[in-house]
Amino acid sequence: MQELVIRRPDDWHLHLRDGGMLRGVIADTSRHFARAIIMPNLVPPVVTTADAAAYRERIQAAVPAEDRFEPLMTLYLTEGTDPDDVEAGYRRGLVKAVKLYPAGATTNSNSGVRDIEKAMPVLERMAEIGVPLCVHGEVTTADVDIFDREAVFIETVLDPLRRRLPELRITMEHVTTKDGIDYIRSSKANLAGSITTHHLIINRNAILVGGIKPHYYCLPVAKRETHRLALRAAATSGDVRFFLGTDSAPHVDPLKECACGCAGIYTSINTMSCLAHVFEEEGALDRLEAFASLNGPAWYGLPVNEETITLRKSEEPVRYPAKVETEAGPVTVFDPMFPLHWAVV
Ligand SMILES: NC(=O)N[C@@H](CC(=O)O)C(=O)O
Ligand SMILES: [Zn+2]
Ligand SMILES: [Zn+2]
């Protein structure tokens, strides 16, 4: 097949940042995607409904005039989050989900939750009224190996929480392990998982072989090959519990290319090309639409997009800029390390 028409996709996990960075990256998303779940880990974080309303306006103001794009807002869960504010934002249609960052787990997560007990009142309210909880599923205790943090989170935090609040709808974001995939597959209800573009393509060798490669460093960190294969099998299976969340996370090059480089991979610009490549390799091009355009809206209770996009395969490799220039500085684009031939026309 040389051409593929699918419903316009959505991105169920995206970092847009703010100010000059936001203005520099938004078009790479709005060009292909109709909607995106917007991560709230700004500095300071998006904590209240009022913060989310103001941030949504700044995003909308940055969208190019020729694009139609709907930012789906999330609140950053803190130990002080007010259940009434979450409920009010949700009922207004402004807040689509609340995001749990274990404190210290990832970029800008210092205001995250240290003691989940303190967040129980708001989690109980969310379970009652149907607000999904998005989780960065990693423990942060120093004695747990960084490659085991997702598996330990499932066992010690996620599973107990689900037993305690079975009605709470939980999105396990950026699943990176076979453990995560198996756990989601074993669930009967109220659990789904997003999978990033890059975790379908790289394993941990990309970061470490032949020198340290900061542009392949993200959190949760890429794991060994068996995990990548499990992610590919899940993403291309058509199972409604798995959908695309790119976790495209721009950082300017100086903050990644240094002695303590930060986590995040920028994939918005070439995600659809990368995904078409992966799905074709797996003999599953006919399931790309489920992963990128159908399963996410079903989970979040939103209509699928009416518009379509066309992907076309060309003989010549597709060219992407190696860097996106923003007012904040240059951002390196994800390099899948193989030529891409599919592109959105
Ligand atoms: N994924 C990343 O490596 N980084 C994200 C944070 C996150 O999603 O954990 C970021 O905000 O830069
Ligand atoms: Zn995360
Ligand atoms: Zn993220």
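Not measured: the values here are computed from a predicted model.

A. A look at the coordination of the zinc ion (ligand 3). In the first shell of the zinc ion (ligand 3), the protein supplies His 13 (NE2), His 15 (NE2) and Asp 247 (OD), at 2.0 Å from the metal. Viewed at the metal, the 4 donor atoms of the zinc ion (ligand 3) are separated by angles of 91 to 135°, and the geometry they form is tetrahedral. Each donor residue of the zinc ion (ligand 3) belongs to the same chain, and together they define the spacing H-x1-H-x231-D. The metal-metal distance between the zinc ion (ligand 3) and the zinc ion (ligand 2) comes to 3.8 Å. Here His 13, found in strand E2 (residues 11–14), pairs with Asp 247, found in the loop between strand E9 (242–244) and helix H9 (253–256); they are 234 residues apart in sequence, far enough to count as distant.

B. Fine view of the UniProt feature "binding site: substrate" (unreviewed entry) in the protein chain. The UniProt feature table records "binding site: substrate" (unreviewed entry) at His 15, Leu 16, Arg 17, Asn 41, His 136, Leu 219, His 251 and Ala 263. The residue His 15 is located in the loop between E2 and helix H1 (19–30) in this model. In this structure, His 15 is in contact with Met 39, Asn 41, Tyr 101, Asp 247, Ser 248, Ala 249 and Pro 250, ignoring residues within four places of it in sequence. Separated by 3.0 Å, the side chains of His 15 and Asn 41 make a polar contact. Tracing the backbone through its elements, the reader meets His 136 in the loop between strand E6 (133–135) and helix H5 (149–164). In contact with His 136, not counting residues within four places along its chain, are Lys 99, Leu 100, Tyr 101, Pro 102, Ala 105, Thr 106, Phe 153, His 174, Leu 219 and Pro 220.

C. The side chain of Glu 138, seen in detail. Within the fold, Glu 138 resides in the loop between E6 and H5. Here Glu 138 occupies a buried position and makes no salt bridge, while the nearest side chain of opposite charge, Lys 223, is found at 4.7 Å. One polar contact links Glu 138 to His 136, side chain to side chain, over a distance of 2.8 Å. The contacts of Glu 138, once residues within four sequence positions are left out, are Pro 102, Ala 105, Ile 146, Arg 149, Glu 150, Phe 153, Leu 219 and Pro 220.

What counts and how
Residues numbered from 1 in each chain as written. Chains lettered and ligands numbered in written order. Predicted model: local features only at pLDDT ≥ 70, side-chain atom pairs only at ≥ 80, totals over all residues. Heavy atoms only, no water. Donors = N, O, S within 2.8 Å, 3.2 Å for Na, K, Ca; no water. Tetrahedral: all angles 85-135°; square planar, octahedral: opposite > 155°, others 65-115°. Helix = DSSP H or I, 4+ residues; strand = E, 2+ residues; numbered from the N terminus. UniProt positions renumbered as here; feature names shortened; annotations may be inferred. Contact = heavy atoms within 4.5 Å. Polar contact = N/O pair within 3.5 Å; in protein donor to acceptor, adjacent residues only side chain to side chain. Buried < 20%, exposed > 50% of the residue type's maximum accessible area, 1.4 Å probe, protein only. Lys, Arg positive; Asp, Glu negative; His and termini not counted. Salt bridge = Lys/Arg side-chain N within 4 Å of Asp/Glu carboxyl O.

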